[in-house]
Amino acid sequence: MKFFKAIGTVLILAVLCAAIVLTLTAGALRFIVLNPAYLKAFMPTKTYCSEMRERLSEDLDHIALLYGLEEGTLSEVVTDEAIREYTNGMIDALYAENAQAPLALPDFPKEGFKAYLRAHTAYSEQGIEDFSEDCAQAVTEDLASINAKLLIEPFLQFRENPICRSSLILFVAGLLLTVLMFIFLKLMYMGSSKRAGSVVIWGGTFMGVTLVFVPVMQFILFGYVERLNISISAFRTILTGFLNTVLYGWFLALLALELLSVLLLIIAIARAAHGKKKSKKGR
């Protein structure tokens, strides 16, 4: 009987780990990778905006010199708020239901450049209009570099993949299967072996979460995103910003689950050890 119980435990634990991996992977797809609300909330960070402004300033400095301004004077015109708004519009275009390559991206607003030149020079209205159009066009072209064929088309194909489109169903199915395996283990370890069952359940949960947590943690530790062989540009900032937002969001969620499973496993082990001591004293 103990032999069959051991074999059954191993099989159920294997299914439990697979179910947890399915749940976490499908959940990451549905709630992080394919969730524009998440990206709009966490992608345009202060660091992202500062790096983006630095990339955009390179072209703006060239225009500034043409109009008799000093280098770096236009960097303050491209505000964090403007970058966030444009990034959010870009994400909306990327996740639109009828999105096609190339994406129909909005033009960067030119009012800020108009206001700056009007306040700091004596240029005519026509000169101010030409200046603002040149600046807005330069920034728009840099930001529109996300339309690179090697990025947009594969992403849109990936988004239409049956697995991605069914990610919510897979998440729910994995979650239900995980709960079912919990129930099976509970029924298998009833009565006097109840505490041992808790150790098995949370031990299996810890193993399942670890199977996903470790590869994601290694991806972050070795800095694979920062190693992308792409020249420094606005395109690189957008791409790495997107990948880091997805990766770190997934990592933090997994870290929380890993710590929770470890805590519950330690409690289960402590209770099982305490119960064993009590039974020995009773004898």
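Note: the structure precedes this text.
Residues numbered from 1 in each chain as written. Predicted model: local features only at pLDDT ≥ 70, side-chain atom pairs only at ≥ 80, totals over all residues. Heavy atoms only, no water.

> An account of the environment of Leu105 is requested, with residue identities and associated values reported.
Along the polypeptide, Leu105 turns up in the loop between helix H4 (80-94) and helix H5 (111-120). Look at Leu105 and you get buried, because its relative accessible area is 17%. Distance from Leu105 to Ser193, taken between C-alpha atoms, is 62 Å for residues 88 residues apart in sequence. If near-sequence neighbours (up to four positions away) are discounted, Leu105 is found in contact with Tyr86, Met90, Ala93, Leu143, Ala144, Ile146 and Asn147. (Helix = DSSP H or I, 4+ residues; strand = E, 2+ residues; numbered from the N terminus. Buried < 20%, exposed > 50% of the residue type's maximum accessible area, 1.4 Å probe, protein only. Contact = heavy atoms within 4.5 Å.)

> Account for the side chain of Arg53, naming residues and giving values.
Within the secondary structure layout, Arg53 lies in helix H3 (residues 46-66). In this structure Arg53 touches Ser75, Val78, Thr79, Asp80 and Ile83, once residues within four positions along its chain are discounted.

> Help me get a handle on helix H6 (residues 125-143), residues and values and all.
Helix length check: H6, at 19 residues, gives a terminal C-alpha distance of 27 Å against a target of 27 Å (1.5 Å per residue), a fit within 8%. Listing the buried residues of H6 in full gives Gly127, Ile128, Phe131, Ser132, Cys135, Ala136, Ala138, Val139, Thr140, Asp142 and Leu143. (Expected span 1.5 Å × (residues − 1).)

> Explain a positive patch on the surface to me, using residue names and the numbers behind them.
A cluster of basic residues, Lys186, Lys194, Arg195 and Arg271, forms a positive patch on the protein surface. Tracing the backbone through its elements, the reader meets Lys186 in helix H9 (residues 167-188). (Patch = residues over 30% accessible without salt bridge, like charges linked within 9 Å, V, L, I, M, F, W, Y side chains within 5 Å. Areas by Shrake-Rupley, 256 points an atom, 1.4 Å probe, with all protein chains shown as cover. Salt bridge = Lys/Arg side-chain N within 4 Å of Asp/Glu carboxyl O. Lys, Arg positive; Asp, Glu negative; His and termini not counted. Charge placed at Lys NZ, Arg CZ, Asp CG, Glu CD.)

> Would you mind going over a nonpolar patch on the surface in detail, with residue names and values included?
Together, Val15, Leu175, Leu177, Val179, Leu180, Ile183, Phe184, Leu187 and Met190 line one region of the surface with nonpolar side chains, adding up to about 750 Å² of accessible area. By residue number, the principal contributor to the nonpolar patch is H9, which donates 7 residues. With respect to the helices, strands and loops of the structure, Phe184 is situated in helix H9.

> Lay out the environment of Ile266 in plain terms, naming residues and giving numbers.
Within the secondary structure, Ile266 sits in helix H11 (residues 234-282). Given a relative accessible area of 52%, Ile266 falls into the exposed group. Note: C-alpha distance between Ile266 and Val200 (66 residues apart in sequence) is 12 Å.

> Lay out the nonpolar core in plain terms, naming residues and giving numbers.
Among the nonpolar cores identified, the biggest contains 49 residues, and Leu74, Phe113 and Phe131 are the most heavily contacted of them. Secondary-structure elements contributing two or more residues to this core are helix H1 (2-33), helix H2 (36-42), H3, H4, H5, H6, helix H7 (149-159) and H11. Once residues lying within four places of it in the same chain are set aside, the contact partners of Phe131 are Ile63, Tyr67, Leu69, Leu74, Phe113 and Leu117. Counting 19 residues, the second largest nonpolar core, distinct from the first, contains Leu24, Leu185, Tyr189 and Val209. (Core = buried A, V, L, I, M, F, W, Y, C linked by side-chain atoms within 4.5 Å.)

> Outline the packing of aromatic side chains, listing residues and values.
For the structure shown, the criterion picks out 12 aromatic pairs. Arranged with centres 5.5 Å apart and planes meeting at 75°, the rings of Tyr95 and Phe155 form a pair that is edge-to-face. In this pair, Tyr95 is assigned in the loop between H4 and H5 and Phe155 in helix H7, connecting sequence segments 60 residues apart. Judged by relative accessible area, which is 12%, Phe155 ranks as buried. (Phe/Tyr/Trp six-rings, centres within 6.5 Å; stacked < 30°, edge-to-face > 60°.)

> Just give me the short version of the side chain of Thr23, but keep the residues and values in it.
Within the fold, Thr23 resides in helix H1. A polar side-chain atom of Thr23 sits 3.1 Å from the main-chain carbonyl oxygen of Gly174. Among the polar contacts made by the side chain of Thr23, one reaches the main-chain amide nitrogen of Leu175 at a distance of 3.1 Å. Dropping the residues within four chain positions of it, Thr23 is found in contact with Phe171, Gly174, Leu175 and Thr178. (Polar contact = N/O pair within 3.5 Å; in protein donor to acceptor, adjacent residues only side chain to side chain.)

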